[in-house]
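# Commentary on secondary and tertiary structure
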Amino acid sequence: MNKTGLLVRLAVVIIFASLAVGFISAQIFYRFTYLSEVEVAEKEIAQLYETVSATASIAAYLGDSELAKEVVNGLATNDIVDFAMISAGDIQVSSAFTEEDRINQSRFDIYSPFIKDQVVGQLTIIHDINYISRNAKDLGAINATALVAQSIVVTLVAIIIAYLLITQPMISIAKALHKITPGGSKRIPVPSFHNSSELGKLVRDVNNLLDKAERQISQERTLRQEIELLEKRFRMLFENSVSPIVLMEPRGSILLYNGAFSVLLTKLGLHFKKNFGPMLEELFDEPELLHKAVQMSFANDEIATGEYKLTANKLDDNVWVQVVVTSITSDNMKEYYQITLHDISKRKKELELLNQRAHFDQLTQLLNRHATEKSLFDMMVRRQDFAFILMDLNGFKQINDIYGHESGDEILVFVANQLKKVLRQDDIACRWGGDEFVVVLPHADDMSVKMVAEKIHTRITKQHYLINHDKHVSVGASMGVSFYPKDSHQLPQVIKLADVAMYEVKKFKDTDPSRYLQFSYEMNVKQG
């Protein structure tokens, strides 16, 4: 049996309570019995006086010592009388001498047998207190024993009743509850005779809680399964994403990354490490631009996006990514950054190719006319002066007609390469159209134009060997020059003046080949 069980504790409490109540009750009952016996003794002594009062009255009145002696001896034979004495006039008759404490005594006046109110003597009776106490103790002990026995019986009955009505049902409830699995369908049966009792109500309340727990656990189980399914799907999306995804702390410590990020690091010739700096700055060619864009977006509660070039240690081609930075705040108010990198290198290359095609001549790789005009407009907006040289090839048509278009294209490429070798970085070389070329010289004067034109003419008039035809050919050039804003503030007029000057000098291609340069201001041409 469990020493700390409910029945044991209840029995101990009942036993101790019964003993305490029995002890206190026995003490009270003993005291009550004692006082009651003393009172009974006093009443009996009073009755004894009534019995001997007539005889004592005659003895006292006559002063008869013998008669008085018989009276006191007769009284002394009673169990409750310890000592008796009659005092009348000169006589004093008593029973055997005693030195007992005379506190517990009774005194009665002896009246004249003839005159009712005349006192002729006094009768003193001392109680036998030992007898009275002994008798009271015996009676009290008997009553106390009976009371204790009754308490024991009541205690045993109370324990049995408590066991049958409380402890046993509660033990059965506890065992049934112990066998129940949370979320299961088993319930606690209501104990017999307890359908309307507190235990029955407790069992029904517990079963209601089990019903609620079953529903809640079922809902939580279903929710957990859904969460696990979603987690698997998100994990699958995260791991199988072709775009690198990184979860990191604001200071740069990487907490989570997918396989695509590892592939990107390998592609860049880098090894993984826990921290590449805030916003992965070590991976970017211009990290300060990324930082600035992210701060501006976060300040406006927006997701930061942008296109940035990565630093590649291994690749010759540039790696461009679209960066998406999202700020995430957890339940404990801790901030994290999710960085997604979409590789846009192919799109960037396609855009560059489209830009190349839109702005460059595909044959010579020089700027085309559209791109050159745009550059000239930009220079004019900035009020930057320049020299505009329009050059037309002499003898090109014959080569193209005789040796074919491929040879003609070869000559055009040759001329373009010579221009690239002569011109400075800020100068512009353009294939204007057909066999016409344009050279733009910023901040140029007459002397610098003549020097550049001479270098160009010297290079392009050299013999060029056509491999496919095993022939050496050469071309000449006629150049017309106009200045902005010296000759005109309008680009169409600047172009027209150079064109007129070029056709003017072209008149001398056969008669005077050394004359290949003409300035528009030297001619008598009306502007615009």
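No experiment lies behind these values; they were computed from the predicted model shown. (Residues numbered from 1 in each chain as written. Predicted model: local features only at pLDDT ≥ 70, side-chain atom pairs only at ≥ 80, totals over all residues. Heavy atoms only, no water.)

## Examining the overall build of the protein chain
Rule in force here: We count a stretch as a helix when DSSP gives it H or I for four or more residues in a row; a strand needs E for two or more, and each element gets its number in order from the N terminus. Note on method: radius of gyration uses C-alpha positions; expected globular size equals 2.2 Å times residues raised to 0.38. Here's how the labels work: a residue is buried when its accessible area is under 20% of the maximum for its type, exposed when over 50%, partly exposed in between, all with a 1.4 Å probe on protein chains only. Residue contacts are counted whenever heavy atoms from the two residues lie within 4.5 Å of one another.
Along the protein chain, the regular secondary structure elements total 12 helices and 16 strands. Its C-alpha atoms give the protein chain a radius of gyration of 67 Å, clearly above 24 Å, the size a compact globule of 528 residues would have. Taking the principal axes of the C-alpha coordinates as reference, the protein chain spans close to 210 × 50 × 40 Å. Expressed as a percentage of its 528 residues, the buried residues of the protein chain come to 38%. Intrachain contacts of the protein chain at a sequence separation of at least 6 include 57% that bridge at least 24 residues.

## Some details on the sheet that holds strand β2 (residues 91-94)
We apply this condition: Two strands qualify as a pair provided DSSP detects at least 2 bridges between them. In this analysis an axis means a line fitted to C-alpha atoms, helices contributing only their contacting stretch, and an angle means the value between N-to-C directions, from 0 to 180 degrees.
Taken in spatial order, the four strands line up as β2-β1-β4-β3 in an open sheet, and their pairing is antiparallel. Where the open sheet ends on each side, the last strands, each with one partner, are β2 and β3 (105-111). Averaged over all pairs of adjacent strands, the angle between strand axes in this sheet comes to 15°, irrespective of strand direction. In this structure, strand β1 (residues 81-88) lies alongside strand β4 (residues 119-127), joined through six bridges in antiparallel fashion. Bridge pairing in β4 links Ser87 to Gln122. Where helix α2 (residues 65-76) meets the sheet, it contacts β1, β2 and β4, and its direction lies at approximately 160° from that of β1.

## Concerning the packing of aromatic side chains
Going by this rule: Paired rings are identified among Phe, Tyr and Trp, the last through its six-membered ring, by centres lying within 6.5 Å, and are further divided according to the angle between planes into stacked (under 30 degrees), edge-to-face (over 60) and tilted (the rest).
Enumeration over the complete set of coordinates arrives at 12 aromatic pairs. Considering the side-chain rings of Tyr49 and Phe108, the 4.4 Å spacing of their centres and the 10° angle between planes classify their relative orientation as stacked. Taken together, the residues span a long stretch of sequence, with Tyr49 in helix α1 (residues 6-62) and Phe108 in strand β3 at a distance of 59 residues. Taking the relative accessible area as the measure of exposure, Tyr49 reaches 13% and is therefore buried. Residue Phe108 is classed as buried on the basis of its relative accessible area of 16%.

## What about the pattern of salt bridges?
To keep things clear, this is the line we draw: Here, a salt bridge means any side-chain nitrogen of Lys or Arg that lies within 4 Å of a carboxyl oxygen of Asp or Glu.
This structure, assessed with the given rule, holds 14 salt bridges. The partner of Glu249 in a salt bridge is Lys334, and the shortest N-O contact between them spans 3.7 Å. One end of the pair, Glu249, is in the loop between β5 (245-248) and β6 (254-257); the other, Lys334, is in the loop between β8 (319-329) and β9 (335-343), and 85 residues separate them in sequence. Note on Lys334: relative accessible area 38%, which makes it partly exposed. With a shortest N-O distance of 3.3 Å, Arg369 and Glu373 are connected by a salt bridge. Of the two residues, Arg369 and Glu373 are both situated in helix α8 (residues 369-381); the distance of four residues between them amounts to about one turn of the helix. Judged by its relative accessible area of 37%, Arg369 falls in the partly exposed class. Of the residues examined, Glu373 reaches a relative accessible area of 24% and is grouped as partly exposed. Several salt bridges share partner residues, and in doing so they unite Glu307, Arg347 and Lys348 into one network.

## Description of the UniProt feature "domain: HAMP" (unreviewed entry) in the protein chain
Operational definition: UniProt positions are given in the numbering used here, feature names are shortened, and annotations may be inferred rather than shown by experiment.
What UniProt calls "domain: HAMP" (unreviewed entry) maps, in this numbering, to residues 164-218. Secondary structure content for residues 164-218 is 67% helix and 0% strand, while the C-alpha to C-alpha distance between its ends is 37 Å.

## Points about the sheet that holds strand β11 (residues 428-433)
Think of a sheet as strands paired side by side through backbone hydrogen bonds, with each pair either parallel or antiparallel. Strand order in the open sheet formed by five strands is β11-β12-β10-β15-β16, and the pairing between neighbours is mixed. The open sheet has two edge strands, β11 and β16 (517-519), and neither has a second partner. This sheet shows a mean twist of 20° between the axes of neighbouring strands, independent of strand direction. Sheet topology places strand β10 (residues 386-394) next to strand β12 (residues 436-442); seven bridges connect them, and they run antiparallel. Along β12, the bridge assignment pairs Ile389 with Val439. Helix α12 (residues 491-506) contacts β10, β11, β12, β15 (476-484) and β16 of the sheet and is inclined by roughly 150° relative to β15.

## Looking at the UniProt feature "transmembrane region" (unreviewed entry) in the protein chain
According to UniProt, the positions carrying the feature "transmembrane region" (unreviewed entry) are residues 6-30 and 141-166. Here residues 141-166 is 100% helix and 0% strand, with 35 Å between the C-alpha atoms at its ends.

## Topic: helix α11 (residues 446-460)
Our working definition: Under the convention used throughout, the expected extent of a helix is 1.5 Å for every residue step, that is, one less than its residue count. The directions from the helix axis to the C-beta atoms form the arc being described.
In a regular helix each residue adds 1.5 Å, so 15 residues correspond to 21 Å; α11 covers 21 Å between its end C-alpha atoms and thus fits that length. Buried residues of α11: Val449, Val452, Ala453, Ile456, His457 and Ile460, and no others. One face of α11 carries all of its buried residues, which in axial projection span an arc of 135°. The inward-facing, buried residues of α11 contact β10, α10 (405-422), β12, β15 and β16.

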